[in-house]
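# Geometric and topological summary
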Amino acid sequence: MQSTDLGNKESGKIWHRKPSPATRDGIIVNIIHNTSDYHPKVLRFLNVAFDGTGDCLIAGDHQGNIYVFDLYGNRFNLVQRTAQACTALAFNLRRKSEFLVALADYSIKCFDTVTKELVSWMRGHESSVFSISVHASGKYAITTSSDTAQLWDLDTFQRKRKLNIRQSVGIQKVFFLPLSNTILSCFKDNSIFAWECDTLFCKYQLPAPPESSSILYKVFAVTRDGRILAAGGKSNHLHLWCLEARQLFRIIQMPTKVRAIRHLEFLPDSFDAGSNQVLGVLSQDGIMRFINIQTCKLLFEIGSLNEGISSSAISPHGRYIASIMEDGSLNIYSVQALTQEINKPPPPLVKVIEDLPKNKLSSSDLKRKVTSGRVQQPAKSRESKIQTRILKQDLTGDFESKKNELPDGLNKKRLQILLKGYGEYPTKYRMFIWRSLLQLPENHTAFSTLIDKGTHVAFLNLQKKYPIKSRKLLRVLQRTLSALAHWSVIFSDTPYLPLLAFPFVKLFQNNQLICFEVIATLIINWCQHWFEYFPNPPINILSMIENVLAFHDTELLQHFIDHDITSQLYAWPLLETVFSEVLTREEWLKLFDNIFSNHPSFLLMTVVAYNMCSRVPLLNCNLKDDFEFFFHHRNNLDINVVIRQVYHLMETTPTDIHPDSMLNVFVALTKGQYPVFNQYPKFIVDYQTQERERIRNDELDYLRERQTVEDMQAKVDQQRVEDEAWYQKQELLRKAEETRREMLLQEEEKMIQQRQRLAAVKRELKVKEMHLQDAARRRFLKLQQDQQEMELRRLDDEIGRKVYMRDREIAATARELEMRQLELESQKRLYEKNLTENQEAVAKEMRADADAYRQKVDLEEHMFHKLIEAGETQSQKTQKWKEAEGKEFCLRSAKKASALSDASRKWFLKQEINAAVEHAENPCHKEEPRFQNEQEDSSCLPRTSQLNDSSEMDPSTQISLNRRAVEWDTTGQNLIKKVRNLRQRLAAQARHRCQTAHLLAA
């Protein structure tokens, strides 16, 4: 058993070597999902579901990871992370890549496995959804929870209907019956109702089960044909209901160790036509037992007490079983491996006993008893003779029985007896009997190899020759014919192969392997010697038919000869279509029940019998077209009469012309690989293949050349169309140009008129603009005059401020001079005091001298020096006094000069302002006399220099006064310049007003 850990991988291989499941457990692979985190843990799978093909399944774990497992391609892919546990899955929608998943938040989502995107999100349930059932068409789905069931339209993902119930009666399950339009609803009170899907009309209700075996139903299963319903619950009893008769027809008791049934599901079979006979029963011990509901025998089981199963799903074709184990892993089982022990043939009845080698003797042979007389032989008893005779009879019977034994426990002789008694096999078991009669090997690997080669080139355009309405049927026919062509090259050139294979393809379209093997078995056995005269019809086979017809109905054959009707017309159309054109489906199935149950010559005898049973209408036909129509269309003929006639011909035909003497007995296909089919003239086929290949290449060359020509023609046509379109476009452009030229002329005339009106309006606007400009100019001049007056007022204020500052400076200087004078006076008083003191001292000295006259001689010199010093001190005091008087005179002169200068500046500024105002009021008067008056007035101004007498001032005082005089002169000159500039601007404005006035006057 192989084991695969998904880990953190999003895709990969399911198994890494070819699986070989053991017969004991049948496990192909065990899939687990462990995380690779620091603390690894197992992610448990919760639900699993197969798609419609049965080769892919989808599984979800409790963390919401959903994987798709492709068992055919050996790949797995992580398609979605829902981040919450899934409670139900469905993968058999109409769009094959989509699936439904019910989540723990009570919602249902639809995802796409290819794009991995969310398709739709459906809400409406108020409890967990535990079941999703999809209609056979894939258009509708039913989701079931404990309190309600809802019907959804999967095209629009809208809810159509909702099943509401009382709280006291819960829902067990609501689901669609397979291949029907019926909904089955099962409730917790054991009531079961059937509803019509479209109208939701209640069709019927099943009666209550008998009280002797009354159980509460928990789980349900239905066969594929929708006829049998299996129900179980917390008991070891199974109830089987016939839905057609609407009654309980069987109660099956499971083994005593089964106490409760957790899951039921039928195992599909390709040959039971939907009437499934094997039922899988999962019990409380985790073991799923598969039983035959007809024989009530246990066939096989999966799971064990140590490795129990929690839930299972079976693929639609019945090849795989996917089971979720109790440990959270996923097991994939092979049904073929599990049933291999059941389907194997019984052991041979004949056993061969080999003799011991001659050179080996037993110990009893070495011991001999020597007695006198003759040697005694062991006497043969009567019983030994009888026993020997009986053994010979048993051997003969065993060989005959072995010859008639078929797979699956059937016996050919018994089937033939059944067939002769009823005329046909039961419809329910027909496919199963055919598979046993033909002993089909079911070589899946070999058939897959043929299918993998793709569509054969000979059947690429099959739909052109055989336009079949059903696309699925056409696709299956194309695959089957391609597989036959890949198996043997002769079938790629056989023109009647589609006619031969079509009825079997239509019958087995859901199982292509069985279809291929049935056709191959038919070709090998019932089409013997058909290809010896290829590509012509099998003349040898047709000759056999003609010989038999000549023996049994000479008149009919002579009628054919008289009207030039050969066996290629009355026999070959029936053979190449295997009677599918002249029989209905039921008649054809009944006929082939007998063909497959008899010798291969039975088919040829059927052709003869069909002609003999139709001899009356055939003898009335005289035209060849009538004969052709007869053998290509259905006729009013009883097939049972034909079959009885065939058996009569098989028994009464002489051995020398009987086809069974020239045809081999039935040979089944070999198991594992298909046998080589080379019963045809190889050189003809090879030559035809080469010729066909050459013709195909020539045809391809021709098609390429024709395609080139067609492309060139298309380009020429396109160019012509483009040229015509261009000319038409040019004509339209010319007409449009003329139209637009006329429109332009009209527009120009309109524009001229508009321009004239616009010019008049412009003139009016211009006059208005001039008036507005004049008013604006006047307002501007007035504004300028106001600004200039404000400027003059500002200048007056500045001049006053300057004069005030100058006066303050002069006052400060005067205060300084006064302080200086006070200091000089204080010094003078000090000097006078000192002088008085000195005089007193001199008087004292003189008194002292008078007193000391007597010492005149001694002190004469000293007194002389004293007198000299007193004289020097007196001269210094006199000089200081003169300097103080000079400074006071200079200060008085400076004050007088400053007063005169201020007076002259004020007078001059007043004259300038008056002149400017006067000029503004009378701008046209001439200005020359004013300048003369100014000169005259200025000449009359007193000069400060006349008042300054430098000879009478101190030098430092003279320098300070000169500096202040220069500053005052500079300030006055700047004021004079500003006044002159203002007067010039006013004069210019006055001239401009005069000019404007003259223009307006003009």
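Anyway, here's the lowdown on the structure attached to this text. (Residues numbered from 1 in each chain as written. Predicted model: local features only at pLDDT ≥ 70, side-chain atom pairs only at ≥ 80, totals over all residues. Heavy atoms only, no water.)

## Section: the overall build of the chain
Summing up its helical and strand segments, the chain has 25 helices and 30 strands in all. Looking at the chain as a whole, 39% of its 1002 residues are labelled buried. Considering only contacts within the chain whose residues lie at least 6 apart along the sequence, 58% involve residues at least 24 apart. (Helix = DSSP H or I, 4+ residues; strand = E, 2+ residues; numbered from the N terminus. Buried < 20%, exposed > 50% of the residue type's maximum accessible area, 1.4 Å probe, protein only. Contact = heavy atoms within 4.5 Å.)

## Topic: the sheet that holds strand S7 (residues 75-81)
Read across the sheet, five strands follow the order S2-S7-S6-S5-S4 without closing on themselves; strand pairing throughout is antiparallel. At either end of the open sheet lies a strand with only one pairing partner, and these are strand S2 (11-12) and strand S4 (45-50). Note that S2 and S7 share two bridges and pair antiparallel. From the neighbouring strand, Ser11 faces S7, where its bridge partner is Asn77. (Pairing = 2+ DSSP bridges.)

## Focus: the nonpolar core
Formed by 103 residues in total, the largest nonpolar core has its most connected members in Trp434, Trp487, Phe504, Leu575, Phe579, Trp588 and Phe596. Per-element tally for this core: the top contributor is helix H11 (residues 512-526), with eleven residues. Phe596 has contacts with Trp434, Leu437, Leu438, Phe504, Val518, Leu522 and Trp526, leaving out every residue within four places of it along the chain. Core analysis: the second largest hydrophobic core is formed by 22 residues, Ile28, Leu57, Ala59 and Leu330 among them. (Core = buried A, V, L, I, M, F, W, Y, C linked by side-chain atoms within 4.5 Å.)

## A short note on the sheet that holds strand S28 (residues 309-314)
For sheets, the rule is that strands pair by backbone hydrogen bonds, running either parallel or antiparallel. Strand order in the open sheet formed by five strands is S1-S3-S30-S29-S28, and the pairing between neighbours is mixed. Each having just a single partner strand, strand S1 (2-5) and S28 make up the two edges of the open sheet. With strand direction ignored, the average angle separating the axes of adjacent strands in the sheet is 20°. Of the strand pairs in this sheet, S28 and strand S29 (residues 320-325) are connected by five bridges, and their pairing is antiparallel. Looking across to S29, one finds that Ser311 is bridged to Ile324. (Axes fitted to C-alpha atoms, helices over the stretch in contact; angles between N-to-C directions.)

## A look at the side chain of Asn540
The residue Asn540 is located in helix H12 (residues 539-552) in this model. Judged by its relative accessible area of 17%, Asn540 falls in the buried class. Excluding residues that lie within four positions of it along the chain, Asn540 makes contacts with His529, Glu532 and Tyr533.

## Notes on a positive patch on the surface
The grouping of Lys96, Arg471, Lys472, Arg475 and Arg479 at the surface amounts to a positive patch. A relative accessible area of 41% places Arg475 in the partly exposed class. (Patch = residues over 30% accessible without salt bridge, like charges linked within 9 Å, V, L, I, M, F, W, Y side chains within 5 Å. Areas by Shrake-Rupley, 256 points an atom, 1.4 Å probe, with all protein chains shown as cover. Salt bridge = Lys/Arg side-chain N within 4 Å of Asp/Glu carboxyl O. Lys, Arg positive; Asp, Glu negative; His and termini not counted. Charge placed at Lys NZ, Arg CZ, Asp CG, Glu CD.)

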